[in-house]
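A structural walkthrough
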Amino acid sequence: MNESRNPVELFEEKAKAVSALVTRVASMREAVAYALDVCDTKQACQLLVSGCSEPLSEKGQALCETKQQKVIAAPGLPPELFAELEAGARERGVLCVEKGMREHLGGVDIGFTLVDFGIAETGTLVINSNSEELRLATMIAEFHVAVLSRSKIRETSRDLEAELAALTSVQPSYTAFVTGASRTADIERVLALGVHGPLELHILLLED
Amino acid sequence: MQHAKNLKEYRAELREALGDEFLRQAMDKFARFYPGARARAFAGMDVDGLIHEIAEAKDKAAARMDELYEAFKAKAEAAGVVVHLARTAREANEIIAAIAKENEVKRIVKSKSMTAEEIHLNHHLEAEGYEVTETDLGEWIIQLRGEGPTHMVMPAIHLSRYQVADLFSEVTHQKQEVDIEKLVKVARRELRPRYIEAEMGISGANMAVVETGAIGIVTNEGNARLVTTLPRVHVALMGLDKLTPTLAEGLRVLRVLPRNATGQAISSYVTWINGRNECASSPDGKKIMHIVFLDNGRSALARDPLFSQVLRCVRCGACANVCPVYRLVGGHRYGHIYIGAIGLILTYFFHGRDKAKNLVQNCINCGACKAVCAAGIDLPMLIKEIHARILDEEGHSAPSTLLAAVLKNRKLFHTLLRSAKLAQKPLASGGYIRHLPMLLAKDQGFRTLPAIAAKPFRDLWPRIRPETKSPRYRVGLFSGCVQDFVYPEQCVAAVNVVAGKGAALDFPLDQSCCGLPVVMMGEIEAAREVARQNIRALDPGKYDYILTLCASCASHLKHGYLKLLGDDPAWAVKVRQFADKVIDFSSFAHDVLKLGPEDFRKDGGSVTYHAPCHLCRGLGVKDAPRDLLRDAGLDYKPSEEEEVCCGFGGTFSMKFPELSAELLAKKLEHAEATGAQTLVTDCPGCVMQLRGGLEKKGSSMRVKHMAEILAQQIK
Ligand code: SF4
Ligand code: SF4
């Protein structure tokens, strides 16, 4: 049906349909600024991660208390890029980390990662998650901000078969398809976002 | 879960489920939402083609199951994974418990796995002293309640937010608000520490790709990602049927599975894991990984010519989504562990005859599951086959043996029908049986049953037999017993429509019941005998078409006979010729005789339509009847859920009258809501059900067979 659609537009439409927030950015610098901005405006005056304001069991509460400040987790970035992000974060009083994710299992505010490929017809991100740090950052972050180069978008999974076979054949490897935020409809089939993973997925489509 | 010891107890459980208001509403809401969502998800895609490809690929994989297992094992072991093959459920449980012991595990987190449910894994691990936590929200909820899932994809669809709030209040020792958003967040926070503490994670898998050595896991919540990442040990459990030769095949399944399950284009997460990945909590920094393949009868199934197709199942749950019976009674009453149409079948193989024997009778044979199955499995046929096997194993009931014996002997059968007419005399008035003898009347009060006609069609035939000069077609009419003995006027109407249009009609008197009722009762031998008699009576060599006005007969003559006799060398050719010539009334009138607006009068009033299961799905005839209605000068007002079963199902309505009554009520509600004067359908069984229900209600709406309304309108 979408035979002749521009894959970037199609990707944008499909990702939005599963509640991802999609923004086009012209440069990595803009992407970094976006992440810092989201971190700033997120829950403006509180540090709590989601669920910590509900009445919890002692154990649940104890984990909430391990989080003391706003955190951006950004593993797997090229060093200059991480340095830029870190500097920006420091100015805002936000902790920026690229490893040691297991110290932050109570939750981090933003996970900022790069993406390997995009599948347009479903709005899916393909992320090489062989690094445990990167894997965790995309799982425990409240908001996942993911940067995808527009040239890496293909129309269907079939158009990406060789690349996917290459990624998933590596031993060991951990490859993730991520489409929208973590979701459940297990209670009365009412859609709720952020059940275990990110509550929001922000996709930055990078010009290249 | 199945606890009922006999049909009586099972029926009591069904009644209880029918009384569960919340369940009914939840199931109804989903049943109405699903078809549109599925259609939207597949828009522009060649669904049937994809399903066909999946079926073919899965069949091939099943045939090479052993070889695929060895190849996958070699591949995965090269990456340091330990691969196990468990022959039985018990073996799988023991293997997994031993892995836990060897790694000094105390706490285990799990993501959703139907295979783990199949073997009662939690039960076994808990008995061995391990603390097991389900992390999929729905699974966690039912685990806390000590229940089994009620849907393969939505395990807690039977519960309300109030019940969940109460449950979570108990678990957290804090009062929880009845607010779904908040309850989900509570689960998020309560489960997070469990992942962190656990030493072992157990996941299922949707596929094991042989060419890459990776397993693929499909989830929405993302819990499987945490389960497979945080603990130092990962055990993936899956059936041997999940072995997939290539990634391309896996991706193809992925195009269909989420769309068919919930109408999603893809699930939020698909995770591919290959080998021992980085894991900071493991002593050597690498995950300890085991993959356990479960046989539990799968390799035996793979070798069975008939049942191997159940191994195609991708566990999308769609066969439950569309099942009208599941919709009424929910998963706990429509399966043991696996639920829905596939559940009725798998229960027999994985959990035994005792758990399956009541379930398999509770299928109305509407074909909705087959039409939607992601893997093209002929589910209703397999359900009937299992029913027949259970009868052979346990002994046939007296009524079933009696019916089989009677049907095999046409003369006896017809004599009985004729004498039934005499017996009912004091009871019948105005064409309906008003006072059935007590025995027959049990729970049948929801509809009025028709009386046997004064003269069967076979007695009328010699008088009304039309003369057709230089006919274009030679047509053998097959009436079926209901039209012959109860509604002969429908056949007369058909004769009136067809006669002037160039078809020479013949009605061989040696024809008998089509045999579907005995198939429904599991009496396969009798069904074969009746089929042979009818093929003899309506010799396909003599006709261009074998016409029937009964959708159920048509579908059984066309497809059922092939299954019954297609492999018998003495009958294979004849039965194929016979099946090729069978045609339903609407298709004959519309596609063969090409009746159009010029053949009919105008202003025939308003009608709505009920699509018989065996016509719209059984024969795939959808447009012809609706086009005919419009062409015949009628104001056709489509009704909601036009293709959902009316609840007749022949012997089904006698066995499960409560369910039949509910299906009928819904059907009539939709039909009456159109405001049409007449409800038209294409099957005498449906006419019986619908007319009986409207009569009982005292409704002014009339029911007519397509032949009758066309006879009224024809010029
Ligand atoms: S044939 Fe109809 S009643 Fe039987 S299992 Fe399939 S959907 Fe349910
Ligand atoms: S039998 Fe078909 S429809 Fe039912 S769960 Fe399996 S694949 Fe899905």
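Relevant structure appears above.
Residues numbered from 1 in each chain as written. Chains lettered and ligands numbered in written order. Predicted model: local features only at pLDDT ≥ 70, side-chain atom pairs only at ≥ 80, totals over all residues. Heavy atoms only, no water.

**Describing the sheet that holds strand β10 (residues 288-294) of chain B**
Paired through backbone hydrogen bonds, the strands of a sheet run either parallel or antiparallel to each other. All names here are of chain B. Under the convention used in this document: Two strands form a pair only when DSSP identifies at least two bridges running between them. Only runs of H or I of at least four residues qualify as helices and only runs of E of at least two qualify as strands under DSSP, and these elements are numbered from the N terminus. Each axis is a line fitted through C-alpha atoms, and for a helix only the stretch in contact is used; angles between axes span 0 to 180 degrees, taken between their N-to-C directions. Any two residues having at least one pair of non-hydrogen atoms within 4.5 Å are treated as being in contact.
Pairing in this open sheet of six strands is parallel, and the strands run β1-β10-β7-β4-β2-β3 from one edge to the other. This sheet does not close on itself; its edge strands, each paired only once, are β1 (82-86) and β3 (131-134). Each neighbouring strand pair of the sheet contributes to a mean axis angle of 20°, computed without reference to strand direction. Against the sheet, helix α4 (residues 65-78) makes contact with β1 and β10, and its axis sits at roughly 150° relative to β1, the strand it touches most. Contacts from helix α5 (residues 89-102) reach β1, β4 (200-203), β7 (233-239) and β10, with the element oriented near 170° to β10.

**Overview of the packing of aromatic side chains**
Residue and element names in this part refer to chain B. For clarity, the cut-off: We call Phe, Tyr and Trp rings a pair once their centres come within 6.5 Å, taking the six-membered ring for Trp, and we label the pair stacked below 30 degrees between planes, edge-to-face above 60, and tilted otherwise. Exposure categories follow from relative accessible area, calculated using a 1.4 Å probe and restricted to protein chains: below 20% of the type maximum is buried, above 50% is exposed, and the middle band is partly exposed.
As enumerated under the stated definition, the model contains 18 aromatic pairs over all chains in all. Arranged with centres 5.5 Å apart and planes meeting at 85°, the rings of Tyr69 and Phe293 form a pair that is edge-to-face. With Tyr69 in helix α4 and Phe293 in strand β10, this residue pair connects regions lying 224 residues apart in the sequence. Like Tyr69, the residue Phe293 is buried in the burial classification. With a centroid separation of 5.7 Å and an interplanar angle of 15°, the aromatic rings of Tyr561 and Phe578 are classed as stacked. Taken as a pair, Tyr561 in helix α28 (residues 551-565) and Phe578 in helix α29 (residues 572-581) lie far apart in primary sequence, 17 residues in all.

**Focus: the nonpolar core**
The condition is simple: Throughout this description, the term nonpolar core refers to a set of buried Ala, Val, Leu, Ile, Met, Phe, Trp, Tyr and Cys residues connected via side-chain atoms within 4.5 Å.
Phe168, Ile215, Phe293, Phe585 and Leu710 of chain B are the most contacted members of the largest nonpolar core, which has 253 residues in total. Setting aside its immediate chain neighbours within four residues, Ile215 of chain B contacts Phe72, Ala205, Met207, Ala208, His234, Ala236, Met238, Thr271, Trp272, Ile273, Met289 and Ile291 of chain B. Counting 24 residues, the second largest nonpolar core, distinct from the first, contains Val25, Val38, Ile72 and Val94 of chain A.

**What to know about the packing of helix α8 (residues 137-145) of chain B against helix α9 (residues 161-172) of chain B**
All names here are of chain B. Heads up, the rule is: In this scheme, roughly parallel covers angles under 35 degrees and roughly antiparallel covers those over 145, while 65 to 115 is roughly perpendicular and the rest are oblique. For any helix crossing, the convention is left-handed if the near helix is rotated counterclockwise from the far helix by under a right angle, and right-handed if that rotation is clockwise. Here the term charged refers only to Asp, Glu, Lys and Arg, the term nonpolar to Ala, Val, Leu, Ile, Met, Phe, Trp, Tyr, Cys and Pro, and the term polar to all other amino acids, Gly among them.
As a packed pair, α8 and α9 sit with axes 11 Å apart at the nearest point and diverge in direction by 70°. By the angle between their directions, the pair α8 and α9 is classed as roughly perpendicular. The hand of the α8/α9 crossing is left-handed. On α9, the residues that touch Leu137, Trp140, Ile141, Leu144 and Arg145 of α8 are Gln163, Val164, Leu167, Phe168 and Val171. For the contact of α8 with α9, the per-class residue count stands at eight nonpolar, one polar and one charged.

**Here we look at the site of ligand 2**
This is how it is decided: If a single non-hydrogen atom of a residue is within 4 Å of a molecule or strand, that residue counts as near it.
The immediate surroundings of ligand 2 are formed by 13 residues, with Cys313, Cys316, Gly317, Cys319 and Cys373 of chain B found nearest. Here the residues of the shell around ligand 2 sort into 11 nonpolar, one polar and one charged.

**Structural notes on the pairing of strand β14 (residues 473-478) of chain B**
Within a regular strand, the side chains alternate between the two sheet faces. Residue and element names in this part refer to chain B. Within β14, five of the six residues are buried, leaving the element largely enclosed by the surrounding structure. Strand direction decides the pairing type here: β14 and strand β15 (residues 503-506), joined by four bridges, are parallel. Bridged to Arg474 within β15 is Ala504.

**Focus: the site of ligand 1**
Residue and element names in this part refer to chain B. Lining the immediate environment of ligand 1, one finds 14 residues, of which Cys323, Cys363, Ile364, Cys366 and Cys369 sit closest. Breaking the shell around ligand 1 down by element, the ones donating at least two residues are α15 (324-329), α18 (368-372) and α19 (379-394). Among the residues forming the shell around ligand 1, the class breakdown is 12 nonpolar, two polar and no charged.

**Describing the pairing of β4 of chain B**
Residues and elements named next belong to chain B. Residues of β4 alternate between two faces, with Met200 and Ile202 on one and Gly201 and Ser203 on the opposite face, all of them buried. Across three bridges, the pairing between strand β2 (residues 107-110) and β4 is parallel. Each bridged residue has a counterpart across the sheet, and for Lys110 the counterpart in β4 is Ile202. Sheet analysis places β4 next to β7, joined by four bridges and oriented parallel. Bridging across to β7, Gly201 finds its partner in His234.

**Considering α19 of chain B**
Residue and element names in this part refer to chain B. To be explicit about the condition: A helix is expected to span 1.5 Å multiplied by its residue count minus one.
Along its 16 residues, α19 runs 22 Å from first to last C-alpha, staying within 8% of the 22 Å computed at 1.5 Å per residue. Of the positions making up α19, those classed as buried are Leu379, Pro380, Met381, Leu382, Ile383, Lys384, Ile386, His387, Ala388, Ile390 and Leu391. Positive phi shows up at Gly395, right after α19, with a value of about 100°.

**Overview of the environment of Asn6 of chain B**
All names here are of chain B. Rules: Counted as a polar contact is a pair of N or O atoms within 3.5 Å, where, for protein atoms, one must be capable of donating a hydrogen and the other of accepting one, and residues adjacent in sequence contribute only when both atoms are in side chains.
Along the chain, the position of Asn6 falls in the segment before α1 (7-18). Accessibility expressed as a relative area gives 35% for Asn6, which makes it partly exposed. Considering only alpha carbons, one finds Asn6 and Ala198, 192 residues apart in sequence, at a separation of 43 Å. Of the polar contacts made by the side chain of Asn6, one reaches the backbone nitrogen of Glu9; its length is 2.8 Å.

**Some points on the pattern of salt bridges**
All names here are of chain B. Test applied: By convention in these notes, a salt bridge is any Lys or Arg side-chain nitrogen within 4 Å of a carboxyl oxygen on Asp or Glu.
Summed over all chains, the structure comprises 62 salt bridges over all chains. Note that Arg298 and Asp241 form a salt bridge whose closest N and O atoms lie 2.8 Å from each other. Of the two residues, Arg298 sits in helix α13 (residues 298-302) while Asp241 sits in the loop between β7 and β8 (243-244), which places them 57 residues apart along the sequence. Arg298 sits in the buried class, given a relative accessible area of 0%. For Asp241, a relative accessible area of 5% corresponds to the buried category. One salt bridge connects Asp484 with Arg458, and the closest N-O pair in it is separated by 2.8 Å. Here Asp484, found in helix α24 (residues 480-485), pairs with Arg458, found in helix α23 (residues 457-464); they are 26 residues apart in sequence, far enough to count as distant. Grouping residues by exposure puts Asp484 and Arg458 together as buried. Members of the salt-bridge network, linked through shared partners, are Asp28, Arg32, Arg327, Glu640, Glu641 and Lys666.

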